[in-house]
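# Analysis of the macromolecular model
In case you want the letters, here they are:
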Amino acid sequence: MFDQLQAVEDRYEELGELLSDPEVVTDTKRFMELSKEEAGTRETVDVYRRYKQVVNDIKETEELLGEKLDDDMQEMAKEELSELKSEKIDLEERMKILLLPKDPNDDKNIIMEIRGAAGGDEAALFAGDLFDMYQSYATAQGWKFEVMDANVTDIGGYKEVTVMITGDKVFSKLKYESGAHRVQRVPSTESQGRVHTSTATVVVLPEAEEVEVDLADKDIRVDIYHASGAGGQHVNKTASAVRLTHIPTGVVVAMQDERSQLKNREKAMKILRARVYDQLQHENQSEYDANRKSAVGTGDRSERIRTYNFPQNRVTDHRIGLTIQKLDQILAGKLDEIVDSLIIYDQAAQLDKLNG
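Described below are features of the structure shown in this document. Predicted model only: the values in this text are computed from it and were never measured.

## Regarding the overall build of the protein
Tallying secondary structure elements over the protein gives 11 helices and 11 strands in all. Expressed as a percentage of its 356 residues, the buried residues of the protein come to 40%. By sequence separation, contacts in the protein at least 24 residues apart represent 59% of the contacts at least 6 residues apart. Element-wise, carbon and sulfur atoms account for 47% of the exposed surface of the protein, whose accessible area totals about 19,900 Å².

Written out as structure tokens, the structure is:
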């Protein structure tokens, strides 16, 4: 571990020199790449340097205790030694976590797809609640939340809605949200006061850059057609809706949210690139299907990652056995407790694997 940490510190110092090199400064792309690399290793280096300082302080304090000291000095030295040893253990744990393999997508923006699944109108209303929850969370994080496409039901909520969330390390915090979310509550249309169960599914895709997924024009079939739904005369006059099909993978994206064909095409390309990137990250189709089914589910009530129980104001994440009696706060976008718990659980699982 310490060889790895020393290598990271050496590279960090090298990056500092490179970033002050006039040739690098004038090369915008390289300067941005190196700046990102430096920022990504800064915390690890800071913790490692503090660890080395603590180890040195422990040695000096132990040597001091070997000398003749008055009682007060002896007590102070012992107390300081105890604190230093405790900090050393904490720093060792932090370093282990910082050296875990990084998810290459953690720094990315995301495209999130929310769909009403089992439960009809109530499922669509719950999809709307999830939409509001993620929007509030994104706002609290200082992220940008943009609706890409939406299919609204007559009574409110969404059959499906696609949003793009941009900001600092969005994927790292929201990647665990993919899956089936179950709600238990009395629908507004229920006259007998019975609790109903419905589900909505969430898919979180990392945004893919053009350099990561090269979508050749020859591999994309473009269909232009008239938009359907609300829009008055404009709908009948202008063929603005776009459907893109990536022939090699079979991934299809349709977009009609904007009045401009060009804007619909731009949005559709972003979603298409993200979906193809997500698919190509898996080695073969069978592995992709297995992971996709596990992550997203079919929308069936039994395939769930989390349950939102209104009568008991309770949220339960079934993957980590976490139950929180703060449903109202969670739906208001206060997701930190759940997100942090999922990150810690994931890190602990990775450490267990490494320790084998």
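Now that the structure has been shown, the text picks up again.
## Section: the packing of helix α3 (residues 28–65) against helix α4 (residues 71–98)
At their nearest, the axes of α3 and α4 sit 9 Å apart, and the two run at 155 degrees to each other. In this view, α3 runs roughly antiparallel relative to α4, as classed from their interaxial angle. At the point where α3 passes α4, the crossing takes the left-handed sense. Looking at the contact of α3 with α4, its residues break down into 14 nonpolar, 3 polar and 11 charged.

## Re the environment of Asn-309
Relative to the helices and strands, Asn-309 resides in strand β9 (residues 306–309). In this structure, the C-alpha to C-alpha distance between Asn-309 and Val-183, residues 126 residues apart in sequence, is 6.0 Å. When sequence neighbours within four positions are dropped, the list of residues in contact with Asn-309 reads Gln-184, Arg-314 and Leu-327.

## What about helix α5 (residues 120–141)?
For an α-helix the count is 3.6 residues per turn, leaving residues at separations of three or four pointing the same way. End to end, α5 covers 32 Å across 22 residues, agreeing with the expected 32 Å (1.5 Å per residue, within 8%). Immediately downstream of α5, the backbone of Gly-142 shows phi near 80 degrees, a positive value.

## Details of the sheet that holds strand β6 (residues 220–225)
Pairing in this open sheet of 3 strands is antiparallel, and the strands run β6-β7-β8 from one edge to the other. Taken across any chain shown, the strands that pair with only one partner, and hence form the sheet edges, are β6 and β8 (251–255). On average, adjacent strands in this sheet sit at an angle of 15 degrees to one another, irrespective of strand direction. Here 5 bridges tie strand β7 (residues 241–246) to β8, and the two strands are oriented antiparallel to one another. In the strand pairing of β8, Arg-243 is matched with Ala-254. Each of β6, β7 and β8 touches helix α8 (residues 261–280); the most contacted strand, β8, lies at about 155 degrees to it.

## With respect to the sheet that holds strand β10 (residues 314–317)
Pairing is mixed in the open sheet, where 8 strands are placed in the order β2-β3-β1-β5-β4-β9-β10-β11. Bordering the open sheet on either side are β2 (144–152) and β11 (322–324), each of which pairs with just one other strand. When the angles between neighbouring strand axes are averaged without regard to direction, this sheet yields 15 degrees. Sheet topology places strand β1 (residues 110–116) next to strand β5 (residues 196–206); 7 bridges connect them, and they run antiparallel. Bridge assignment links Ile-110 to a residue of β5, and that residue is Pro-206. α5 rests against β1, β2, β3 (158–166), β4 (179–185), β5 and β9 of the sheet, and its axis sits at about 45 degrees to β5.

## Some thoughts on the packing of aromatic side chains
Enumeration over the complete set of coordinates arrives at 4 aromatic pairs. For the pair Phe-126 and Tyr-308, a centre-to-centre distance of 5.3 Å together with 65 degrees between the ring planes defines the contact as edge-to-face. Of this pair, Phe-126 sits in helix α5 while Tyr-308 is found in strand β9, placing the two residues 182 residues apart along the sequence. Here the aromatic rings of Phe-131 and Phe-145 are separated by 5.2 Å at their centres, their planes lie at 75 degrees, and the arrangement is edge-to-face. With Phe-131 in helix α5 and Phe-145 in strand β2, this residue pair connects regions lying 14 residues apart in the sequence. Across this residue pair, the class does not change: Phe-131 and Phe-145 are buried. Put simply, the rings of Phe-131, Phe-145 and Tyr-158 touch in pairs and so form one group of aromatic residues. Note that Arg-185 overlies the ring of Phe-310, its terminal NZ or CZ placed 4.8 Å from the centroid.

Calculation criteria
- Residues numbered from 1 in each chain as written.
- Predicted model: local features only at pLDDT ≥ 70, side-chain atom pairs only at ≥ 80, totals over all residues.
- Heavy atoms only, no water.
- Helix = DSSP H or I, 4+ residues; strand = E, 2+ residues; numbered from the N terminus.
- Buried < 20%, exposed > 50% of the residue type's maximum accessible area, 1.4 Å probe, protein only.
- Contact = heavy atoms within 4.5 Å.
- Areas by Shrake-Rupley, 256 points an atom, 1.4 Å probe, with all protein chains shown as cover.
- Axes fitted to C-alpha atoms, helices over the stretch in contact; angles between N-to-C directions.
- Parallel < 35°, antiparallel > 145°, perpendicular 65-115°, else oblique.
- Left-handed = near helix turned anticlockwise from the far one by under 90°.
- Nonpolar A, V, L, I, M, F, W, Y, C, P; charged D, E, K, R; others polar.
- Expected span 1.5 Å × (residues − 1).
- Pairing = 2+ DSSP bridges.
- Phe/Tyr/Trp six-rings, centres within 6.5 Å; stacked < 30°, edge-to-face > 60°.
- Lys NZ or Arg CZ within 6 Å of the ring centre and 35° of its normal.

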